[in-house]
Structures are given as structure tokens and as C-alpha cells.
Amino acid sequence: MSLLERARAYLSAIEARADTARYFCPDVVQREFPNALVRNGAERDLAALLAGAEKGKRVLSGEKYEIVNALEAGDQLAMEVIWTGTLAIPLGTLAAGDTMKAHFGVFLTFRDGRICRQHNYDCFDPF
């Protein structure tokens with residue numbers, strides 16, 4: 001399975017609200033660079049990633065990921081992704097049921113078929 005196929009499966013699992021732990025190395029590090037939702041950025045380990053996914057299920061009633069572009073080199077994958085999320089709660093000027101949109105740059109490093117490093121550059125449309 002190619003890295004892109006693995007990444008598609010991972011994003012599909014998020015959309016399906018499934019457990020994503022199997023896609024990560026136990027020592028995974030995810031870095032989210034500053035954006036409209038996480039103003040100071042964040043660095044997360046596996047426990048924090050999984051906790052964030054659970055929090056996301058309370059904030060969003062659904063989400064979709066569209067991979068627009070991808071480049072694979074060795075054990076690394078770079079993706080340009082359009083994300084849309086339907087809010088379960090109000091956020092900013094948006095009401096519950098409204099849709100948010102963002103353009104993501106996602107950079108994944110794999111080890112033994114699992115994600116061991118993830119960098120996110122998330123650019124949200126105004127809300």
C-alpha cells in the first residue's frame with residue numbers, strides 16, 4: 001500500500017469517526033502550526049491526538065477531506081487538502097449546522113507503515 005493510500009485510509013477513518021490509533025506509531029508527534037483555531041500552535045503526542053479527535057466529535061457533526069495534491073518521497077508524504085466541517089455547536093459568527101472550510105498543508109512521515117510525524121499548516125476561511 002502506498003503512503004498516499006495509507007493517508008487516504010487515515011482521513012477516511014477520521015470522516016467515519018472511527019478509532020485512528022492504528023494509523024500512528026506509539027511515539028508519534030503532531031505539530032499544528034498557529035492558525036485561527038489554535039493561535040499559538042500545538043505539539044501533540046498520541047494521547048493528545050486521540051483526545052483531540054474525541055473533542056472534535058463534540059464540536060463537529062461531520063467533516064470531509066479532499067486531497068487536492070500529493071507528493072510522495074521515500075517515507076514522506078506532502079498533501080494539499082481541502083477540509084470542510086459541519087459544526088455541532090456555534091463557533092465565531094457560525095451557528096450549529098453551518099459549514100467551516102479550510103485549506104491544509106499536511107506533511108506526514110511514516111515508519112513501518114504508520115505515521116510517526118505529522119505537521120499541519122491549517123488556513124481557515126474567515127468565521
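Residues numbered from 1 in each chain as written. Predicted model: local features only at pLDDT ≥ 70, side-chain atom pairs only at ≥ 80, totals over all residues. Heavy atoms only, no water.

Caption draft 1: Geometry of the packing of aromatic side chains. Tallying each qualifying case throughout the model produces 9 aromatic pairs. Ring centres 4.3 Å apart and planes at 5° place the aromatic pair Phe33 and Tyr121 in the stacked group. With Phe33 in the loop between β1 (24–32) and β2 (42–44) and Tyr121 in strand β6 (residues 114–124), the pair connects residues that are 88 residues apart, well separated along the chain. Note on Phe33: relative accessible area 16%, which makes it buried. (Phe/Tyr/Trp six-rings, centres within 6.5 Å; stacked < 30°, edge-to-face > 60°. Helix = DSSP H or I, 4+ residues; strand = E, 2+ residues; numbered from the N terminus. Buried < 20%, exposed > 50% of the residue type's maximum accessible area, 1.4 Å probe, protein only.)

Caption draft 2: Region of the structure containing helix α1 (residues 3–15). Taking 1.5 Å of rise per residue, the 13 residues of α1 would be expected to cover 18 Å, and the 18 Å separating its terminal C-alpha atoms lies within 8% of that figure. If you check which residues of α1 are buried, you get Leu3, Ala7, Tyr10, Leu11, Ala13 and Ile14. Here the buried residues of α1 occupy an arc of 155° about the axis, which is enough to place them on one side. Phi turns positive one or two residues past the end of α1, at Arg17, with a value near 65°. (Expected span 1.5 Å × (residues − 1). Arc of directions from axis to C-beta.)

Caption draft 3: Seen up close, the layout of surface pockets. When its volume is computed, the largest pocket comes out at roughly 990 Å³. For the lining of the largest pocket, the secondary structure elements donating two or more residues are α1, β1, α2 (46–59), β3 (60–73), β4 (76–87), β5 (99–111) and β6. No other element matches α2, which puts 8 residues into the lining of the largest pocket. Here the lining of the largest pocket is composed, by residue class, of 21 nonpolar, 6 polar and 7 charged. (1 Å grid on protein atoms, 1.4 Å probe; cavity = no way out; pocket = protein on both sides within 12 Å on 5 of 7 lines; lining within 4 Å. Points joined across faces, edges and corners; volume = space filled by probe spheres on them. Nonpolar A, V, L, I, M, F, W, Y, C, P; charged D, E, K, R; others polar.)

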